[in-house]
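# Structural overview for review
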Amino acid sequence: MAVEMSTREAYGKTLVELGKENENIVVLDADLSRSTNTQLFAKEFPERFFDCGIAEQNMMGIAAGLAASGKTVFASSFAVFASGRCYDQVRMSIAQPRQNVKIVASHGGISVGEDGCSHHSIEDLALYCSFPNFSVIVPADANETAHAVRIAAATYGPFYIRLSRPKTSVVFDDNYRFELGKAVTMRGGWDVTVIACGLMVHRALLAADALAKQGIELRVVNMSTLKPIDEEAIIGAANETGAILCVEEHLQHGGLGSTVAQVVAKHQPVPMSFLAIKDYYSPSGKPNELLERHGLTSEGIEKEVRALVGRKG
Amino acid sequence: MAKTLRRHIIRMTAKAGSGHPGGSLSAVEILTALFFNHLRYDPRNPRWTDRDRFVLSKGHAAPLLYSALAEAGYFATEELLTLRQLDSRLQGHADMTATPGVELSTGSLGQGLSFGIGIAIAARLDRRDYRVYVLVGDGECEEGQVWEAAMAAAHFKVDNIVAIIDRNQQQIDGWTYEIMNSEPLDEKWRSFGWHVIEVNGHDPAQILAALEEAKTVKGKPTAIIAHTTKGKGVSFMENNLEFHGRAPTADEAEQALKELE
Ligand SMILES: Cc1ncc(C[n+]2csc(CCOP(=O)(O)OP(=O)(O)O)c2C)c(N)n1
């Protein structure tokens, strides 16, 4: 696997493999197949691909109908349109009846960049985590994406998988095996735990390197499955490191941080901190400029970790 | 003026390194007709209560709207080159909180016409004579909300609203008739209770005549289906899907500007 690859590219390639292995897989898109990469599947299996046009609500209904008739359905668009635009259609037609639909959305977060706030997806994890019956995954790299997409195809029920626009540093080697609902400790440490998902995992690893030089041993946990959450890993981190920082490319409420905080509050209260997108709509800008503005950098993580060490008492 | 707007669109997207030139270029004559021959507005007072409203529902054509607003005097044309830069007033998609003269934040397709109906009804309630113009993409017409709005405008007998459909026959994944066929589009609007006028969307005289005709239609809304070419005016961008959402490189921009001399 390359050193850098976008998770949406890995998605397209995996879909083609799955299409060859399983005739039951049907793929839908809403006029963004060039960006989500479902076009790769469309080229190989035109008879099992349906471009629904610019009509996300309708697409989710069609997906539900196909799934109710025994198909394994993948439906893709940008994260912002695959969540808010069709929330009730997903709720009634997919979540409640527990249909076998895999919503794989590219362009999550603010690393979408220059397109601006209409295209930044900052509420999608809150929306999807709010649905009963859904599994919600934010893969850390292209490798994990390939695995997560395969697991979603093989596991009955609705999934939301959030991917990113930019290329992402690869953090998992080819031997990695994704397990639904299982966090992965990427780096051992005993002073503070960072729990991160998506693009933020690589940045947390960079922060761990820098902090090691300052004598702080940071544990880095990749929590790619937000729902169902790995309670055991969270409780373990709280017990063993005594402080937890959550880092995500999403609003502070409703995503990774809130979910982890509920587990910590219930089972093992320890000082916590949250690095997330601040509570406003971001402007256009380069992906890194925007992430920097919200402190979603390795330096930002370092700073928060040092502050948490001070609060551990 | 059309050429000037086209040159702005090329220069600003090239400088930004991203953006949507294709769907901006296709509607240049439409905005030229509106902003420089038809609309009532005051650039020194962007929120003037009696201004005619222009709503860009296909918000990705922001480079075109910004070019027209700058030439209309809302801000300096030099500012156009800040498109999409951090903290610029010129956001990637139209943003009413950032740019003077922008009536609605758009970029998520399908929502402009509903908003337009709201301001059109408000004019009636307040006994004001301003008119409302909404530019909608033909791909955008695939969104169900467009038809919910179409039904509502006719139902409420809103006759101070004009939907202008940029019928360039392209969207992102391909030709509109291949991706989601919406023909016969004129009959659809008519059957929803609209007065429909079809024009060559690159012919200023036809556009202006249609805008005048719309003023005379009472008791129902008017849809102007403007037949256009995506990427119009730059040979290698015309009907080229690639330039829906890709900016010209420096070399391409240079060639485009030569063609637009
Ligand atoms: C709700 C929503 N879905 C998808 C998109 C992504 N998108 C941006 S432009 C576009 C194609 C628009 O086609 P059309 O309305 O015909 O515009 P034009 O060809 O004139 O640029 C799409 C699918 C979006 N902006 N909003």
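So, here is what we can say about the structure in this document.

## A short note on the packing of aromatic side chains
One pair of aromatic rings is described through two measures. These are the centre distance and the angle between the planes. Summed over all chains, the structure comprises 18 aromatic pairs over all chains. Measuring from centroid to centroid gives 6.3 Å for Tyr 11 of chain A and Phe 74 of chain A, while their planes differ by 40 degrees, and the two rings are tilted. Of this pair, Tyr 11 of chain A sits in helix 1 (residues 7-21) while Phe 74 of chain A sits in strand 4 (residues 72-78), placing them 63 residues apart in sequence. The pair formed by Tyr 11 of chain A and Phe 74 of chain A is uniform in burial state, with each residue classed as buried. Where Trp 189 of chain B meets Trp 194 of chain B, the ring centres are 4.9 Å apart and the plane angle is 75 degrees; that geometry is what we call edge-to-face.

## Quick notes on the sheet that holds strand 4 of chain A
Two modes of strand pairing occur in sheets, parallel and antiparallel, and in both the strands are linked by backbone hydrogen bonds. Residue and element names in this part refer to chain A. With respect to topology, seven strands assemble into an open sheet ordered 3-2-4-5-7-6-12, the strand pairing being mixed. Because the sheet does not close on itself, it has two edges, and the strands there are strand 3 (49-51) and strand 12 (225-227). If you compare each strand with its neighbour and ignore which way they point, the axes differ by 20 degrees on average. For strand 4 and strand 5 (residues 101-106), the ladder comprises six bridges, and the chain directions are parallel. Note on strand 5: the bridge partner recorded for Ala 75 is Ile 103. Against the sheet, helix 8 (residues 142-154) contacts strand 2 (25-29), strand 4, strand 5, strand 6 (135-137) and strand 7 (159-162), and its axis sits at roughly 170 degrees relative to strand 7.

## Quick look at the interface of chain A and chain B
Taken together, the contact pairs 23 residues of chain A with 27 residues of chain B. Contact with chain B buries area across many residues of chain A, yet Arg 34, Ile 54 and Arg 85 of chain A alone supply 30% of it, more than any other trio. In this assembly, chain A and chain B are joined by three salt bridges. Taking the shortest distance from any N to any O, the salt bridge between Asp 87 of chain B and Arg 293 of chain A comes out at 2.7 Å. Mapped onto the side of chain A that touches chain B, the elements with two or more residues apiece are helix 2 (33-36) and helix 12 (287-293) of chain A. Its residues assigned to classes, the side of chain A that touches chain B comprises eight nonpolar, six polar and nine charged.

Scoring rules and cut-offs
- Residues numbered from 1 in each chain as written.
- Chains lettered and ligands numbered in written order.
- Predicted model: local features only at pLDDT ≥ 70, side-chain atom pairs only at ≥ 80, totals over all residues.
- Heavy atoms only, no water.
- Phe/Tyr/Trp six-rings, centres within 6.5 Å; stacked < 30°, edge-to-face > 60°.
- Helix = DSSP H or I, 4+ residues; strand = E, 2+ residues; numbered from the N terminus.
- Buried < 20%, exposed > 50% of the residue type's maximum accessible area, 1.4 Å probe, protein only.
- Pairing = 2+ DSSP bridges.
- Axes fitted to C-alpha atoms, helices over the stretch in contact; angles between N-to-C directions.
- Contact = heavy atoms within 4.5 Å.
- Buried area = accessible area lost by both parts, 1.4 Å probe.
- Salt bridge = Lys/Arg side-chain N within 4 Å of Asp/Glu carboxyl O.
- Nonpolar A, V, L, I, M, F, W, Y, C, P; charged D, E, K, R; others polar.

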